Amino acid sequence: MQNKRQAEPCAKKYAKIFLLVLVAFVVAWVASSYTKSELADRAIVLGIGIDMVDDNFVVTAEVISPNEGDEGGSSSATSKLLTGVGQTLPLAIQDVFQTSGKNPSLGQTGIVLLGESMNNQELKHILSYFIMSDAFKDGVTLATCEGSAKKIFESTSPVDSMVSFALQTIIQKSGKKTNSTSNVLHNFVERQTRHSKTSYLSKVAFVNDGNDKVNKNKDSQKKTGVYDCSKLSVFKDGYFVDVLDNDETRGFVMLTASKTYDNFVVDEAQSVLGTKDKVSVGIVSKKVSPDVSFDGDKILAKYNLDMRVRRMRTDVTGNVMDFLPQLPSLIDEHIKQSVKTQTEQLVAKAFKKSKNINCDFFGVADAMYKKYGKKWDDYQKQNPDYTRQIEFEIVVNVDD
Amino acid sequence: MNNSIKQTQIILLVIIVVAGGKFLSLPGLVAKLAGRDSWVSMAIMFAVDFVCLAFILWSVYLNKGKSFDEILSDVLTPVGAKIVFLIYAFFFILRIMGGLLDTQELISSTLSVVTNWIAFILPVLFVAGFNVVRGVRNIGRVTQIFFGFIFASVVGILLLSLKNTDFSNLQPHFANGFDLVAKTALDVSFWFSDYIFILFLLGKITKTGWFSVKVSLAYLVGVTITLSLDVIFLCLFGNLAEFSSSALAKVSGFNLTGSVYGRIDWLFVMIWASSVIIKCTLFLWSATMALSYVFGIKNKKGYIILFALVGVLFVLLPLVLPIKNIIVNVFCLGVGKYVTIFVQYVIPLSMPLFTFLSNKKTNGGKNYAKQKTG
């Protein structure tokens with residue numbers, strides 16, 4: 001009886017030890033089942049360039065390279081380029097990391113640049129690789145470029161050593177303060193699933209300014225220059241169609257990007273000093289009201305553009321905004337009329353281009369579908385080349 | 001098991017369970033079925049749910065301290081009640097399994113934290129099991145602690161996304177007819193009626209003034225949050241919405257075009273994910289209670305054994321069966337939904353009548369709980 005009493009606590013004790021060991025084992029197993037990913041094992045990608053060479057995708061990834069410290073003892077970060085080749089985009093990206101031994105971290109990617117060789121590819125399908133990923137930002141800047149994307153990443157800007165950051169700043173942020181515009185990955189793909197099946201991208205061109213001495217790193221072979229993003233490439237159904245020249249881009253941007261800046265030169269205008277001279281004015285606020293409708297067999301696309309302009313001063317820096325206070329007028333009728341005429345001419349060029357290349361980059365079909373629903377569906381089926389049936393109209397109202 | 005719960009805790013739980021878990025694969029699935037009108041399908045189901053919730057609250061008002069088990073046993077006979085509770089347990093387990101499978105995918109694809117199902121589910125079950133065995137009061141307290149953070153993260157996600165939202169993308173309305181929208185509402189009904197956990201609280205609720213009104217308002221807050229995020233999701237993603245496996249991760253990350261904020265959206269997403277864990281814990285408690293009614297278990301040891309059994313099902317079923325496919329093809333698009341509709345809608349709508357009959361049968365019930373009626 002006494003032995004039995006002694007055995008019971010002993011069994012409980014062993015049971016507790018067994019339970020403790022079991023829990024420790026389970027915790028250790030659970031912890032080891034999560035894939036370890038140390039920061040040093042990861043390649044944090046800032047930007048990706050995609051080219052096509054001999055039916056293979058060539059991906060250039062700009063990755064962060066943390067430096068341990070320079071002679072002065074301060075630490076800094078630079079970027080390095082990794083390249084991968086594959087039959088498909090996922091394989092090319094995988095190749096980048098297989099050859100470098102690092103795990104890809106695409107969540108911080110800020111820009112995807114498509115080389116000129118991608119113009120013959122169906123981009124909707126190719127870019128769906130990024131779209132389907134939850135970690136990849138849908139709002140990542142997407143752009144095309146003149147020549148190869150790799151060459152662009154091999155260049156450098158005088159003010160920013162990391163190409164991805166430089167391009168993002170120019171395309172995305174400054175884009176609103178110039179007469180161009182930018183697009184993001186998701187919008188580019190989604191717009192091509194709509195009725196117009198069109199979209200646009202900034203076109204980046206590297207302009208070597210011959211100022212390579214500015215490059216701080218003497219060992220660097222990178223060409224220093226600036227990036228021109230004043231033109232747009234337009235796409236239809238996933239394929240590249242054409243490039244809008246500067247005027248066409250300005251005309252297009254005037255009607256599609258409500259917060260985007262532009263400026264005009266007016267000849268023979270009254271200057272503030274009383275002489276007649278060239279005067280430059282800039283847009284400070286803008287409102288575009290599109291209206292689409294059927295007009296018999298034709299489609300009427302009417303745009304009302306109300307804009308306020310001011311003579312350029314140091315505070316007219318490209319910020320287009322609402323709720324501006326009224327200021328004493330320095331814009332006379334001559335300036336207003338000149339700006340109106342110039343705007344109409346720019347927009348007319350963009351309209352003409354849209355009809356000439358049969359590419360509805362203004363998205364008239366999308367607006368018609370929103371307004372008419374199934375009626376537009378039927379019309380578009382009967383008139384696949386409906387772009388030529390569009391009658392564009394622009395009404396510009398310039399104020400100060 | 002401490003199952004007494006405060007009114008404030010129920011109100012917070014209602015907001016959490018209505019919104020929690022609805023931003024994973026559901027918006028993409030509804031968008032696939034009803035396109036840009038999918039938010040209307042969700043609104044229809046929320047409206048139906050609101051009616052059912054009103055009936056449940058009516059039943060709470062009529063109830064004189066009886067538990068859900070006692071009411072159903074009185075009216076449907078003990079055997080009938082056991083069958084109903086088996087269906088409830090099955091429904092809750094399937095709902096949680098679907099939610100947790102989506103959550104694992106969210107964490108895996110967003111944060112690249114890749115792991116196997118067992119290593120993912122074991123810690124979750126451990127946390128849930130602790131709360132379940134301790135009782136619903138524990139779940140209520142956890143909700144009180146986390147609610148502020150979860151609510152702030154949802155507001156943060158809404159604000160991050162609002163800038164680029166083009167509400168004209170919802171047009172044209174009913175381009176493919178209203179029938180498709182209504183059919184979709186029925187098809188996705190499995191993912192609704194989250195409030196039915198209140199039935200398992202019958203006899204345990206400490207009612208104070210305006211209980212029904214407060215719970216109804218809490219429900220409407222949850223609905224507003226859910227529909228707002230769904231509308232923003234549809235406006236942002238348009239025709240690509242149907243390809244999204246996790247709406248929340250997509251919506252929150254959409255507007256982060258620059259690098260200034262880093263990936264603040266990941267912080268919001270992970271805080272919000274805790275609402276899924278709270279919801280799963282509550283549903284697991286409901287499933288355990290349903291099974292305890294079936295097997296007549298009323299002690300802590302019994303609850304532990306029941307929860308262990310449920311846990312084993314959780315670990316094993318997704319390894320041997322394509323649970324997500326079964327949910328979509330059988331319980332959303334197939335005939336399975338008519339089985340769950342019985343416990344989701346028929347029982348709640350019948351509850352005031354059942355409570356009345358039960359009261360009448362036993363002349364007020366055996367177990368009067370101390371309650372203050374407002």
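## Overview of the overall build of chain A
Point 1. If you tally the helices and strands in chain A, you get 10 helices and 14 strands.
Point 2. Of all 400 residues assigned to chain A, the portion counted as buried reaches 46%.
Point 3. Put simply, 69% of the contacts in chain A that link residues at least 6 apart link residues at least 24 apart.
Point 4. Surface summary for chain A: the accessible area is close to 20,500 Å², and the carbon and sulfur share equals 52%.

## Quick word on the sheet that holds strand S13 (residues 298-311) of chain A
Residues and elements named next belong to chain A.
Point 1. Spatially, the 4 strands line up as an open sheet ordered S11-S12-S13-S14, and their pairing is mixed. Bordering the open sheet on either side are strand S11 (263-270) and strand S14 (390-399), each of which pairs with just one other strand. Strand after strand, the sheet turns through a mean of 35° between neighbouring axes, direction not considered.
Point 2. Here strand S12 (residues 276-295) pairs with S13 via 14 bridges, running antiparallel. Each bridged residue has a counterpart across the sheet, and for Lys-287 the counterpart in S13 is Asp-306.
Point 3. Contacts from helix H9 (residues 364-372) reach S12, S13 and S14 within the one sheet, and its direction differs from that of S12 by about 45°.

## What about unusual backbone geometry?
Point 1. In this structure, B:Pro172 follows B:Gln171 across a cis peptide bond, with omega equal to -5°.
Point 2. Checked against the element boundaries, B:Pro172 lands in the loop between helix H6 (136-162) and helix H7 (178-187).
Point 3. Located in the positive-phi region is A:Asp54, a residue other than glycine, with phi close to 50°.
Point 4. Examined against the element boundaries, A:Asp54 turns out to sit in the loop between strand S1 (42-53) and strand S2 (56-66).
Point 5. Residue class for A:Asp54 comes out exposed when judged on its relative accessible area of 70%.
Point 6. Despite not being glycine, B:Ser193 shows a phi value in the positive range, around 55°.
Point 7. As for its placement among the helices and strands, B:Ser193 is situated in the loop between H7 and helix H8 (211-237).

## Quick word on the nonpolar core
Point 1. One finds B:Phe68, B:Phe85, B:Tyr88, B:Ile198, B:Phe200 and B:Phe314 to be the most contacted residues of the largest nonpolar core, which totals 126 residues.
Point 2. The biggest single contributor to this core is helix H4 (residues 68-111) of chain B, with 19 residues.
Point 3. The residues contacting B:Phe200, other than those within four sequence positions of it, are B:Phe68, B:Phe85, B:Tyr88, B:Phe92, B:Trp285, B:Ser286, B:Met289, B:Ala290 and B:Tyr293.
Point 4. If you look at the next biggest cluster of nonpolar residues, it comprises 49 residues, including A:Val288, A:Cys359, A:Phe361 and A:Val396.

## Quick word on the interface of chain B and chain A
Point 1. Taken together, the contacts link 39 residues of chain B with 31 residues of chain A.
Point 2. Roughly 3,000 Å² is buried in total at the junction of chain B and chain A, and carbon and sulfur atoms are behind 51% of that figure.
Point 3. If you look at where chain B meets chain A, you find 1 salt bridge.
Point 4. The shortest N-O distance in the salt bridge between B:Asp166 and A:Lys370 comes to 3.9 Å.
Point 5. On inspection of chain B and its partner chain A, the count reaches 5 residue pairs in polar contact (both at pLDDT 80 or more).
Point 6. Those elements that provide at least two residues to the side of chain B that touches chain A are H4, helix H5 (117-134), H8 and helix H9 (247-254) of chain B.
Point 7. It is H5(B) that provides the largest number of residues to the side of chain B that touches chain A, a total of 5 residues.

## Regarding the side chain of B:Thr165
Point 1. Summarising the element assignment, B:Thr165 is placed in the loop between H6 and H7.
Point 2. Since its relative accessible area comes to 12%, B:Thr165 is described here as buried.

## Here we look at a positive patch on the surface
Point 1. Together, B:Lys6, B:Arg134, B:Arg141 and B:Lys300 make up a positively charged patch on the protein surface.
Point 2. Locating B:Lys6 in the fold gives a position in the segment before helix H1 (7-19).

## Observations regarding the packing of aromatic side chains
Each pair of aromatic rings is reported with the distance of its centres and the angle of its planes.
Residues and elements named next belong to chain B.
Point 1. All told, the structure shown has 44 aromatic pairs over all chains when counted by the stated rule.
Point 2. On the numbers, 5.6 Å between centres and 70° between planes, the contact of Phe-92 with Phe-200 is edge-to-face. Separated by 108 residues along the polypeptide, Phe-92 in helix H4 and Phe-200 in the loop between H7 and H8 bring together distant segments of the chain. By the burial criterion, Phe-92 is buried, and Phe-200 matches it.
Point 3. Here the aromatic cluster, defined as three or more aromatic residues joined through ring pairs, consists of Phe-68, Phe-85, Tyr-88, Phe-90, Phe-91, Phe-92, Phe-190, Trp-191, Phe-200, Phe-283, Tyr-293 and Phe-331.
Point 4. Over the face of the ring belonging to Phe-192 we find Lys-22, whose NZ or CZ atom lies 5.2 Å from the ring centre.

## What about the pattern of salt bridges?
Point 1. Under the defined criterion, the tally for this structure stands at 20 salt bridges over all chains.
Point 2. A:Arg194 is the salt-bridge partner of A:Glu190, the closest N and O atoms lying 2.8 Å from each other. Comparing A:Glu190 with A:Arg194, the two get one shared label, buried.
Point 3. The partner of B:Lys66 in a salt bridge is B:Asp74, with the nearest N and O atoms 2.5 Å apart. An identical accessibility class is assigned to B:Lys66 and B:Asp74; each is buried.
Point 4. Among the ionic contacts, a cluster of salt bridges with common partners joins B:Lys22, B:Arg95, B:Asp194 and B:Lys279.

## As for helix H10 (residues 264-295) of chain B
All names here are of chain B.
Point 1. Compared with an ideal rise of 1.5 Å per residue, which puts 32 residues at 46 Å, H10 spans 47 Å between its outermost C-alpha atoms and is within 8% of the ideal.
Point 2. Judged by how many residues are buried, H10 sits mostly within the fold: 25 of 32 residues are covered.
Point 3. Of the residues flanking the end of H10, it is Gly-296, one or two places downstream, whose phi is positive at about 65°.

## Re the confidence of the model for chain A
Point 1. Mean pLDDT for chain A: 83, with 87% of residues reaching 70 or above.
Point 2. When the elements of chain A are averaged for pLDDT, strand S4 (residues 103-105) of chain A gives the smallest value, 77, and strand S10 (residues 239-244) of chain A the largest, 94.

## Comments concerning the environment of A:Val266
Residues and elements named next belong to chain A.
Point 1. By the secondary structure assignment, Val-266 is in strand S11.
Point 2. Considered as a pair, Val-266 and Lys-278 are 12 residues apart in the sequence and their alpha carbons are 5.6 Å apart.
Point 3. Leaving out residues up to four positions away in the same chain, Val-266 has contacts with Asp-277, Lys-278, Val-279, Val-281, His-334, Ile-335, Ser-338, Val-339 and Gln-342.

## Looking at the packing of helix H3 (residues 38-62) of chain B against H7(B)
Residues and elements named next belong to chain B.
Point 1. Running from N to C, H3 and H7 cross one another at 55°; their axes reach a closest spacing of 8 Å. For the element pair H3 / H7, the angle class is oblique. Relative to H7, H3 is oriented so that their crossing is right-handed. Residues Val-40, Ser-41, Ile-44 and Met-45 of H3 form the contact with H7, whose participating residues are Phe-178, Val-181, Thr-184, Ala-185 and Leu-186.
Point 2. Taken together, the residues that form the contact of H3 with H7 break down as 7 nonpolar, 2 polar and no charged.

How each quantity is defined
Residues numbered from 1 in each chain as written. Chains lettered and ligands numbered in written order. Predicted model: local features only at pLDDT ≥ 70, side-chain atom pairs only at ≥ 80, totals over all residues. Heavy atoms only, no water. Helix = DSSP H or I, 4+ residues; strand = E, 2+ residues; numbered from the N terminus. Buried < 20%, exposed > 50% of the residue type's maximum accessible area, 1.4 Å probe, protein only. Contact = heavy atoms within 4.5 Å. Areas by Shrake-Rupley, 256 points an atom, 1.4 Å probe, with all protein chains shown as cover. Pairing = 2+ DSSP bridges. Axes fitted to C-alpha atoms, helices over the stretch in contact; angles between N-to-C directions. Core = buried A, V, L, I, M, F, W, Y, C linked by side-chain atoms within 4.5 Å. Buried area = accessible area lost by both parts, 1.4 Å probe. Salt bridge = Lys/Arg side-chain N within 4 Å of Asp/Glu carboxyl O. Polar contact = N/O pair within 3.5 Å; in protein donor to acceptor, adjacent residues only side chain to side chain. Patch = residues over 30% accessible without salt bridge, like charges linked within 9 Å, V, L, I, M, F, W, Y side chains within 5 Å. Lys, Arg positive; Asp, Glu negative; His and termini not counted. Charge placed at Lys NZ, Arg CZ, Asp CG, Glu CD. Phe/Tyr/Trp six-rings, centres within 6.5 Å; stacked < 30°, edge-to-face > 60°. Lys NZ or Arg CZ within 6 Å of the ring centre and 35° of its normal. Expected span 1.5 Å × (residues − 1). pLDDT = per-residue confidence, 0-100. Parallel < 35°, antiparallel > 145°, perpendicular 65-115°, else oblique. Left-handed = near helix turned anticlockwise from the far one by under 90°. Nonpolar A, V, L, I, M, F, W, Y, C, P; charged D, E, K, R; others polar.

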